[in-house]
Every structure is written in C-alpha cells, then in structure tokens.
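Report on the structure
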Amino acid sequence: MLSLRFLVLFLHIVAVIVALGGSLFSTFVLAPILAAELDAPARLRVFRRIVRRLGGVVLTSLAVLVVTGILNVLFIGGVSILLAIKLILVVVVIGLALYQYGSIGVQIWRAAGPSAEVAELQARFRRIGLTVGSLVLLIVYLSIGLTRGSGAIVASIR
Amino acid sequence: MGRLTFVALLLGAVFTLSYGTGAHIAVRYLNPPFGAWWNSNEFAILECAAAAIGMLSGIRIGARLVNDAALKNRAMIAAVIVSALLLPIVGRIGAQIARFKFTNGASVNELLIDRFRYDTGMFLDKLLAAGVYSIKIAMFALPFGMILFGLAIAIFMTSEPARDTAAATSK
C-alpha cells in the first residue's frame, strides 16, 4: 500500500486525471460559457489567461506522466507491443500539446484584439484539445488492456 | 543545437560500432593505456550518447512545433541545460529499459548464422544487438527531451507578464 511502486502509479493516474480533466473542462464547460456570457474582447482576454495557466498545468502533468510512466515500465520489467503502441501515442500527445499551447496558444496570447483570425485560432485550439483528450482516453484504454486484458504483463501490486 | 546533435550522433555511431565490433583491441594495439580506458568506458559512452541523441531529438521535434522564436530559443536553451544535467540518469534508466526483450531474439541470431556462417553471423549479431540497444535507449529518451522542452515552454509562458490581460481583468 505504501510502496514506491504504488506511489508512482498513484502519481501517474493523478497526472492523467489533471491533464485530461483540465482539457475537457475548458473545452466542454468553460469555452461555451465564455462564448455565451462575454463579449468578444472580454472573452479573448479571459481565454488568453486560461491558455497560459492551463498550458502550464497540462504540460507539467504530461511531464509527470512521462517520468512516472517510464518508472512504471521499470517496475513492470518488460515491454509488450501494446506498451510500445502506448508509448508512441504518448509522444504524439506531447507533440500535439506542445503545438496547442506553444504555437496556437502563444499566437492567441500575443494577438492584439479580437479578429476572424483569432477566432479561427481559438477554434483550432479547441479541436486540438479534443484530439489530445481522445488520444489520452485511448491511452487509458490501452493501459487497462495492459493491466487487466488477456495479454496483461503487469503483475498485481503487492 | 545542430552541432550538439552532430557530436552526439558521431559519438553514438563510433562507440556503438566500436562495442559491436570489439574495436578496443585495435586501440589497445596502438596505445595500450588508452585502449584499456576505451574498453572500460565505451559502453557507458554508448549509453550516454544514445540518451543524448534521444533527448536532443525530442527537444528539436518540440521546437519545430512552437512558432514564437524568442520563446522557442529560451525554452531550447533551458531544456538543453537540464538535459545535460539529467543525462547520466536518463541514460541509466533508458539502458535498463532497453535491456527488456521485445522478442526472444533467437530468430535473428539463427538467421544470421544460417546466412553468413557461425563466425560472421555471431559478429553481425553482436553488431546488430549494439545498434538496436542504442536505438532503444534513444527512443526512450526522446519523450524526456520533448517534455523537458514542454516544461520550459510552460514555465516561460506562465512567468511572462500578462500586459493588457491583467489590466482588463482588474477593471
């Protein structure tokens, strides 16, 4: 219950919850409410702050996810095809998150004011957020396959 | 950045080939003390060079996805410094993971011996194993590099003053 392996797994799951939860909350809750309640200039100002803060939270949780994930591989003591696919998907997710926050997010953050171009960037930001969220869900599904599926390589945590 | 990657690639290629072919014998022949040092350190250098290739590649891939030049440069410098500090740890962890078998490994060994006879087959098998080992370490170090760059982006992004945003929100 209090082993290092248990702690690493706990941090890994918390990092997934934070990364996925933050992205889903901003896409499905915050963005529609901002669009309904605020005018375009105010919406952009708030959106800029969200992009910066959420970017920090998501990228940090992805870092925790990578470090704890690699430690988990060490604890498991083997690499299956399923795990290799999962690792490739993780690299894709990190790449997309970097593009979402480091490229589109920064363009929104540096924009002078509301415009058609900024609106398009905001729409693209949400689309990439949804793609990242879907890929993270797929990774979670593969993780369940690794621990509970027929080809499970993970022994139960003692 | 390009030079660093080139140096890492060069070291990786030289020490992977050296370990795979047992080239330390030739170095020993030319200079015995240096050959002994080479032999005892070539494997560690191979691991560190492979981890460096992976992390630098990760940072470069990450940098390609960011289009703000100032932010990208600052994040790249920070990520490279942290990568250099973490290199021995990442190299060691990557090496441990690279030792895990993806397959039972017997089929390639047998194929090479069948095709090239025992001596050449075993030589090629060792060379192939060293190459695959390096590639596996680099592949596991790549996400580390990417996420170090991502963390640097996150830190610089959140630490930069908010300009009009703060004023607008306080109103």
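Remember, predicted model here, so these are calculated numbers, not experimental data.

Summing up its helical and strand segments, chain B has seven helices and zero strands in all. Order of helices (α) and strands (β) in chain B, N terminus to C terminus: α-α-α-α-α-α-α. The C-alpha atoms of chain B give 21 Å as radius of gyration, which overshoots the globular expectation for 171 residues (16 Å, by more than 25%). Partitioning the contacts of chain B with sequence separation of at least 6, the portion at a separation of at least 24 is 80%.

Turning next to the overall build of chain A. Scanning chain A from N- to C-terminus turns up four helices and zero strands. Listed by position from the N terminus, the elements making up chain A come as α-α-α-α. Seen through its principal axes, chain A has C-alpha atoms that stretch 55 × 30 × 25 Å. Going through the 158 residues of chain A one by one, you find that 31% of them count as buried. The contacts of chain A with a sequence gap of at least 6 include a subset with a gap of at least 24, amounting to 82%.

With 28 residues of chain B at the contact, the number on the chain A side is 29 residues. Where the side of chain B that touches chain A is concerned, the elements lending two or more residues are α3 (32-64), α4 (69-98), α6 (118-159) and α7 (164-170) of chain B. In terms of residue count, the dominant contributor to the side of chain B that touches chain A is α6(B) (twelve residues). Residue composition of the side of chain B that touches chain A, grouped by class: 20 nonpolar, seven polar and one charged.

It is worth spelling out the nonpolar core at this point. Side chains of a nonpolar character, in soluble globular proteins, are inclined to be buried together. By size, the foremost hydrophobic cluster in this structure holds 75 residues, and its most contacted members are A:Leu62, B:Phe149 and B:Ile153. At 18 residues, α6(B) tops the list of elements feeding residues into this core. Sequence-distant contacts of B:Ile153, that is, excluding residues within four places in its chain, are made with A:Leu59, A:Leu98, A:Tyr101, A:Gly102, B:Val66, B:Leu71 and B:Ala75.

Over its 33 residues, α3(B) extends 45 Å from the first C-alpha to the last, a length consistent with the 48 Å expected when each residue adds 1.5 Å. Taken as a whole, α3(B) carries its principal kink of about 50° at B:Asn41.

A word on the environment of A:Leu87. Residues and elements named next belong to chain A. Along the chain, the position of leucine 87 falls in helix α3 (residues 81-110). We classify leucine 87 as buried; it has 21 C-beta atoms within 10 Å. As for leucine 87 and arginine 52, which are separated by 35 residues in sequence, their C-alpha atoms are 27 Å apart.

Before going further, it helps to spend a moment on the environment of B:Gln96. Residue and element names in this part refer to chain B. Position of glutamine 96 relative to the elements: it lies in helix α4. Assessed through the 16 C-beta atoms surrounding it within 10 Å, glutamine 96 is described here as partly exposed. Sequence separation of glutamine 96 and isoleucine 137 is 41 residues, and the distance between their C-alpha atoms is 8.7 Å.

Moving on: the packing of α3(A) against α6(B). When two helices pack together, you describe them by how their axes are tilted relative to each other and by the distance separating the axes. Contact geometry of α3(A) with α6(B) gives a least axis separation of 10 Å together with a crossing angle of 20°. Accordingly, the angle class assigned to the pair α3(A) and α6(B) is roughly parallel. The two elements α3(A) and α6(B) meet at a crossing, and its hand is left-handed. On α6(B), the residues that touch A:Val90, A:Val91, A:Ile94, A:Gly95, A:Ala97, A:Leu98, A:Tyr101 and A:Gly102 of α3(A) are B:Leu142, B:Pro143, B:Met146, B:Ile147, B:Gly150 and B:Ile153. Residues belonging to the contact of α3(A) with α6(B) are distributed by class as follows: eleven nonpolar, three polar and no charged.

What follows concerns the confidence of the model for chain B. When pLDDT is averaged across chain B, the result is 82; 90% of the residues are at 70 or more. Confidence drops under a pLDDT of 50 for residues 165-171 of chain B, and excluding neighbours within four residues, the segment shows six contacts in the predicted structure.

A few words now on the packing of helix α1 (residues 2-21) of chain B against α3(B). Residues and elements named next belong to chain B. One way to put it is that α1 packs onto α3 with a least axis distance of 8 Å and a crossing angle of 145°. Read as a crossing pair, α1 and α3 show a hand that is left-handed. In this structure, α1 contributes Leu4, Thr5, Ala8, Leu9, Leu11, Gly12, Phe15, Thr16, Ser18 and Tyr19 to the contact, and α3 contributes Glu42, Phe43, Ile45, Leu46, Ala49, Ala50, Ala52, Ile53, Leu56 and Arg60. Residue composition of the contact of α1 with α3, by class: 14 nonpolar, four polar and two charged.

Below, the discussion takes up α4(B). For α4(B), built from 30 residues, the straight-helix expectation of 44 Å at 1.5 Å per residue is missed by more than 12%, its first-to-last C-alpha distance being only 35 Å. Of all the bends in α4(B), the greatest, near 60°, is centred on B:Leu86, and the proline B:Pro88 appears no more than four residues after it.

A few words now on the environment of B:Ala79. Residue and element names in this part refer to chain B. Relative to the elements of secondary structure, alanine 79 occurs in helix α4. For alanine 79, a count of 26 C-beta atoms within 10 Å puts it in the buried group. For the pair alanine 79 and leucine 128, spaced 49 residues apart in the sequence, the C-alpha separation amounts to 31 Å.

Criteria and thresholds
Residues numbered from 1 in each chain as written. Chains lettered and ligands numbered in written order. Predicted model: local features only at pLDDT ≥ 70, side-chain atom pairs only at ≥ 80, totals over all residues. Helix = DSSP H or I, 4+ residues; strand = E, 2+ residues; numbered from the N terminus. Rg over C-alpha atoms; globule rule 2.2 N^0.38 Å. Contact = placed C-beta atoms within 7 Å. Buried ≥ 20, exposed ≤ 12 C-beta atoms within 10 Å, placed from the backbone. Nonpolar A, V, L, I, M, F, W, Y, C, P; charged D, E, K, R; others polar. Core = buried A, V, L, I, M, F, W, Y, C linked by C-beta atoms within 7 Å. Expected span 1.5 Å × (residues − 1). Bend = angle between axes of the 7 residues up to and from the residue. Axes fitted to C-alpha atoms, helices over the stretch in contact; angles between N-to-C directions. Parallel < 35°, antiparallel > 145°, perpendicular 65-115°, else oblique. Left-handed = near helix turned anticlockwise from the far one by under 90°. pLDDT = per-residue confidence, 0-100.

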